[in-house]
Amino acid sequence: MQPSAEANQRIARISAHLHPSNFQMEEGSNLRRANCRAKGGAPGFKVAILGAAGGIGQPLSLLLKMNPLVSVLHLYDVVNAPGVTADVSHMDTGAVVRGFLGQPQLESALTGMDLVVIPAGVPRKPGMTRDDLFNINAGIVRTLCEGIAKCCPNAIVNLISNPVNSTVPIAAEVFKKAGTYDPKRLLGVTMLDVVRANTFVAEVLGLDPREVDVPVVGGHAGVTILPLLSQVKPPCSFTTEETEYLTNRIQNGGTEVVEAYAAAKFADACLRGLRGDAGIVECSFVASQVTELPFFASKVRLGRTGAEEIYQLGPLNEYERFGLEKAKKELEGSIQKGVSFIRK
Ligand SMILES: NC(=O)C1=CN([C@@H]2O[C@H](COP(=O)(O)OP(=O)(O)OC[C@H]3O[C@@H](n4cnc5c(N)ncnc54)[C@H](O)[C@@H]3O)[C@@H](O)[C@H]2O)C=CC1
Ligand SMILES: O=C([O-])CC(=O)C(=O)O
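Everything numeric here is computed off the predicted structure, so don't read it as measured data.

> Any details on the site of ligand 1? Residues and values, ideally.
Close to ligand 1 lie 26 residues, the nearest being Gly55, Ile56, Asp77, Val122 and Asn162. Between ligand 1 and Val122 there is a distance of 2.9 Å, counted from an oxygen atom to a backbone nitrogen or oxygen. Interatomic distance of 3.2 Å between a backbone N/O atom of Val189 and a nitrogen atom of ligand 1. With respect to the detected pockets, ligand 1 is housed in the largest pocket. At the level of elements, strand E2 (70–77) and helix H6 (134–151) are the ones that each hand at least two residues to the shell around ligand 1. Looking at which element gives the most residues to the shell around ligand 1, the answer is H6, with three residues.

> Before we move on, could you go through empty space enclosed by the protein and cite the residues and values that matter?
Applying the stated criterion to the full structure yields one cavity of 30 Å³ or more. Approximately 80 Å³ is the volume attributed to the largest cavity. By residue class, the composition of the lining of the largest cavity is eight nonpolar, one polar and two charged.

> Describe the site of ligand 2, with residues and values.
Ligand 2 sits among Arg124, Arg130, Asn162, Leu192, Arg196, His220, Gly254, Val257 and Val258. For ligand 2, an oxygen atom lies 2.6 Å from a polar atom in the side chain of Arg124. The separation between an oxygen atom of ligand 2 and a polar side-chain atom of Arg196 is 2.8 Å. Contact with the protein chains removes 91% of the 260 Å² of surface that ligand 2 exposes when unbound. Mapping ligand 2 onto the cavity grids shows that it belongs to the largest pocket. Considering only residue class, the shell around ligand 2 consists of three nonpolar, three polar and three charged.

> Outline the layout of surface pockets, listing residues and values.
Computed from the structure, the largest pocket encloses a volume of approximately 810 Å³. Taken together, 41 residues line the largest pocket, and the ones lying closest to its centre are Ile56, Pro119, Gly121, Val122 and Pro123. If you list the elements that add at least two residues to the lining of the largest pocket, you get E2, H6 and helix H10 (261–275). Ranked by residues supplied to the lining of the largest pocket, first place goes to H6 with three residues. Taken together, the residues of the lining of the largest pocket break down into 23 nonpolar, 13 polar and five charged.

Conventions we followed
Residues numbered from 1 in each chain as written. Chains lettered and ligands numbered in written order. Predicted model: local features only at pLDDT ≥ 70, side-chain atom pairs only at ≥ 80, totals over all residues. Heavy atoms only, no water. Near = heavy atom within 4 Å. Polar contact = N/O pair within 3.5 Å; in protein donor to acceptor, adjacent residues only side chain to side chain. 1 Å grid on protein atoms, 1.4 Å probe; cavity = no way out; pocket = protein on both sides within 12 Å on 5 of 7 lines; lining within 4 Å. Sits in = over half its atoms within 2 Å of the grid points. Helix = DSSP H or I, 4+ residues; strand = E, 2+ residues; numbered from the N terminus. Points joined across faces, edges and corners; volume = space filled by probe spheres on them. Nonpolar A, V, L, I, M, F, W, Y, C, P; charged D, E, K, R; others polar. Areas by Shrake-Rupley, 256 points an atom, 1.4 Å probe, with all protein chains shown as cover.

This is a description of form; function is not addressed.
In structure tokens:
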């Protein structure tokens, strides 16, 4: 028996998905791919991960493929994108996954995206600071943000690549140059500091970390990571030794382990904001007037247009006021370094 026309179309769609040439598709076959929407895919948001094949990118891709708010997931990297895409695309969840390999496919990866998450770039090796990554990652972030300005200027951008304290100002300068800058849409991911703080504080208090909320403000490196232990929920108090132990552990958590969970949690908060959910408040490194610095991490309310409200720091104790001065001093240099990289 001859397969029906409909069956033939289905077979064509499936092979378009499986064939390795899917990664170098041109105009005509893009049409076929556009038809290749999984039934469970809609409704939802279109999300791109740039640097999807890396240590953060791979588990982040997996976690976002499981997120019901995501209908289309674009995985872009300069290496290994086809293998990672094949792996992730087999998961039986709604989002349609497409892979993009190398600079020539960056624009296709970005076109039409609502949220772009950037974990692209080199990570630290033992003994390095996040700032030691500046020379390589600054250029990577610039190129990727030029693509965003061109192809999806209204997307929310979650910037993970370090040093976040400088890469966020770099992205802002690129968007300003392109005339697309909207400070509400550019968010540096500091969620990992909050996740760590919640976990370590819960350990000390003997609580479930899910019940603990620690605001972490400032930036995302060393002394710029400032946990506000006087504002922990549920209300509690710490001895001087506990405060010093917790502050140090939270500031240096990145040398223990890095993880994608926090990036996925933050992306999910941004998507819930985009959907219009009320009361989505998370810490993030954003353009800010909370201090005299142009960028600062603090609690922000996420909505349909990004960071719609930026909250003040609230009352600080003496230890935190001292920490804030140290954080601001280092942060000022990191921000300036990012700005100069583009303006030079
Ligand atoms: N903000 C945060 O909380 C965190 C930030 N990070 C930062 O995220 C970055 C990535 O870390 P890992 O995933 O551990 O590193 P990794 O080396 O495992 O992965 C980085 C990926 O980026 C890709 N890449 C490099 N240049 C690229 C380009 N021009 N375009 C697209 N992709 C490119 C690489 O091919 C690689 O797959 C580092 O800068 C790291 O410091 C990591 C963890 C947490
Ligand atoms: O520490 C690093 O290099 C990666 C990172 O930002 C973190 O884990 O907080």
